[in-house]
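Structure assessment
Below, each chain spelled out in residue letters.
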Amino acid sequence: MTRPRLLLNAFTMNTATHVSYGTWRRDDTRQTEFHTLDPWLELVAILERGTFDSVFFADVVGLYDDYDGGWDTHVTEGLQIPNHDPAALVSALAAATEHLGIVITSSVLQDHPFSFARKISTLDHLSGGRIGWNIVTSALRNSARNFGLSDRLAHDSRYEWAEEYAEVVYKLWEGSWDDGALVRDRERGIHADPARVHKINHHSPRYSVEGPHLSAPSPQRTPVLFQAGTSAAGRAFAARHAEGVFISQGSPEAAREVIEHTRGLAAAAGRARGDIKFFQGLTVIVGSSEYEARRKAADLDSSFSETGLLAHRSGSIGIDFGGLPTDTPIGDLADQVQGTRSAIEGLIRAAGGRTDVTIADFVRHKQQATRIVGTPEQIADELERWQDAGVDGINLQYLVTPGSFAEFADHVVPVLRARGLAQHEYSPGTLRRKLTGADNILPDTHPARAWHGAFTPAPVAP
Ligand SMILES: Cc1cc2nc3c(=O)[nH]c(=O)nc-3n(C[C@H](O)[C@H](O)[C@H](O)COP(=O)(O)O)c2cc1C
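Because the structure is a prediction, the values reported are computed rather than measured.

With that settled, consider the UniProt feature "binding site: FMN" (unreviewed entry) in the protein chain. Listed under "binding site: FMN" (unreviewed entry) in the UniProt record, and renumbered for this structure, are Asp-59, Thr-105, His-155, Tyr-159 and Ser-231. With respect to the helices and strands, Asp-59 occurs in the loop between β2 (54–58) and α2 (72–77). On the basis of relative accessible area, Asp-59 is assigned to the buried category, the value being 14%. Inspection of the secondary structure puts Thr-105 in strand β3 (residues 101–107). Aside from chain neighbours lying at most four places away, what touches Thr-105 is Phe-56, Phe-57, Ala-58, Asp-59, Pro-86, Asn-134 and Val-136. At a separation of 2.7 Å, a polar atom in the side chain of Thr-105 contacts the main-chain carbonyl oxygen of Phe-57.

In terms of residue burial, strand β11 (residues 277–286) counts as a mostly covered element, since ten of its ten residues are buried. Burial along β11 is two-sided: the face carrying Lys-277, Phe-279, Gly-281, Thr-283 and Ile-285 and the face carrying Phe-278, Gln-280, Leu-282, Val-284 and Val-286 are both buried. In this sheet, β11 lies alongside strand β10 (residues 244–247) in parallel orientation, the contact comprising four bridges. By the bridge assignment for β11, Phe-246 is matched with Phe-279. One crossover worth recording links β10 to the parallel β11 by way of helix α8 (residues 252–268), and it is right-handed. The pairing of β11 with strand β13 (residues 393–397) spans five bridges and is classified as parallel. Of the residues in β13, the one forming a bridge with Gly-281 is Asn-395. Where β11 lies against strand β12 (residues 371–374), four bridges are found, and the strand directions are parallel. In the strand pairing of β12, Thr-283 is matched with Arg-371.

As a further point, take the pattern of salt bridges. Counted under the stated rule, the structure contains 32 salt bridges. Linking Asp-65 and Arg-141 is a salt bridge whose minimum nitrogen-to-oxygen distance equals 3.9 Å. Remark: Arg-141 occurs in helix α5 (residues 141–146) and Asp-65 occurs in the loop between β2 and α2; sequence separation between them is 76 residues. Exposure remark for Asp-65: the relative accessible area of 7% places this residue in the buried category. Across the pair Arg-235 and Glu-257 runs a salt bridge, and its minimum N-O distance is 3.2 Å. Remark: Glu-257 occurs in helix α8 and Arg-235 occurs in helix α7 (residues 232–241); sequence separation between them is 22 residues. Through salt bridges with shared partners, one network takes in Arg-3, Asp-381, Glu-384, Asp-388 and Arg-419.

As a further point, take the nonpolar core. The biggest cluster of nonpolar side chains holds 83 residues, and the ones touching the most others in it are Phe-52, Leu-383 and Phe-408. If one sorts the elements of this core by residue count, helix α6 (residues 155–175) sits on top with ten residues. When near neighbours in sequence (up to four residues on either side) are disregarded, Phe-408 contacts Leu-8, Phe-52, Val-284, Leu-383, Ile-394, Leu-396, Val-413 and Leu-416.

What counts and how
Residues numbered from 1 in each chain as written. Predicted model: local features only at pLDDT ≥ 70, side-chain atom pairs only at ≥ 80, totals over all residues. Heavy atoms only, no water. UniProt positions renumbered as here; feature names shortened; annotations may be inferred. Helix = DSSP H or I, 4+ residues; strand = E, 2+ residues; numbered from the N terminus. Buried < 20%, exposed > 50% of the residue type's maximum accessible area, 1.4 Å probe, protein only. Contact = heavy atoms within 4.5 Å. Polar contact = N/O pair within 3.5 Å; in protein donor to acceptor, adjacent residues only side chain to side chain. Pairing = 2+ DSSP bridges. Right-handed = clockwise from strand over helix to strand, strands pointing away. Salt bridge = Lys/Arg side-chain N within 4 Å of Asp/Glu carboxyl O. Core = buried A, V, L, I, M, F, W, Y, C linked by side-chain atoms within 4.5 Å.

As structure tokens, then:
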């Protein structure tokens, strides 16, 4: 059987502790240097050497919800505080790379859609069309309070907000400027043709935006759209909008269910099933022998912080596990979750539907279920299992950075290449073209494209 290649995405964040708890204390990681440019330049050079498709920056705009009654643990653990703005960083990374896709997370809460659309267009121009946007709705209570709200919105209302936000930015990216509006005609003295640049006059409950978009269309117009929620509302949103979905499922079988279901919803929404690429979050520990890989895993585990993990999970779910006995059942709490619902749902699924899962199960599950330890060949075998479940690519999480990425690029990628599972060199073009083999811009079946030409006045009859 000829397999398609696996898409390779590197998962990181502009902070000391992303999802690798406690390892910032080690000598073999550059996590504590995140505020400087050099470790990032080293990282992107490694990723291009390994022909990774993209690097994806997670982001939050507030503290995780309380752990053990407060947020001291977050500060002590470096748990996404301090946390710097990825959008500012990636401009420098675009200049240092030629092919790597660069995906930034931005919440509908943090940036007005008018200024966000302009920022993304600017980055897409500067990078030659290599920008992606991970659309998030900010599940954290503190992020809502940082932006003038008294509390986070209820789970499903956040997705309604994202729908409204997406409509505004789509109008700006796709509709405000017609193709060919930027003429740059030196002889006639016409930089852009006013007949082909339009105001959008958007009015909705949260936003009134007159337009026009202040940036001319970038190579992709709309950046490649990613999303990462797998609740019912999250899947429905992904089915309409996402071109890439970051999943973090506990097994290939669980991944298959999410993927099949979401692809079905996409088809029902008039898109092709293959229009969405699914990236499974995985951690990989590579050794030249299985023994060596296990020894490395044990060494990495010796710096693991369980407190860091629990604070992160409590804080994103919105239920304080601090001080609770580790045999406390948590499955029944799923319906009360107003934060990240899929975390507990995933645990229940992994336990075969049992709802008596405990905090201890949660810790074990998070550490083990998505981790592959072995030789490059064993890792490639495991990746094939995920691929057989419908996964298009992986979202590689580090334990140490850039070490985890370098080991993958230098030891696993060659095996993947030999099996036809990784590219030997980059194909030309924008991130969208590289990922899909199709066009630089979205297909007409995507809702954003409904706005293309929508503001162009109908021709006047002679
Ligand atoms: C792999 C992955 C990465 C995520 N990255 C972010 C992020 O950077 N910022 C953020 O606010 N939420 C992030 N999330 C949370 C999702 O955007 C979403 O809010 C969450 O999964 C809950 O959605 P759900 O309740 O629909 O499952 C991420 C989730 C996953 C699975």
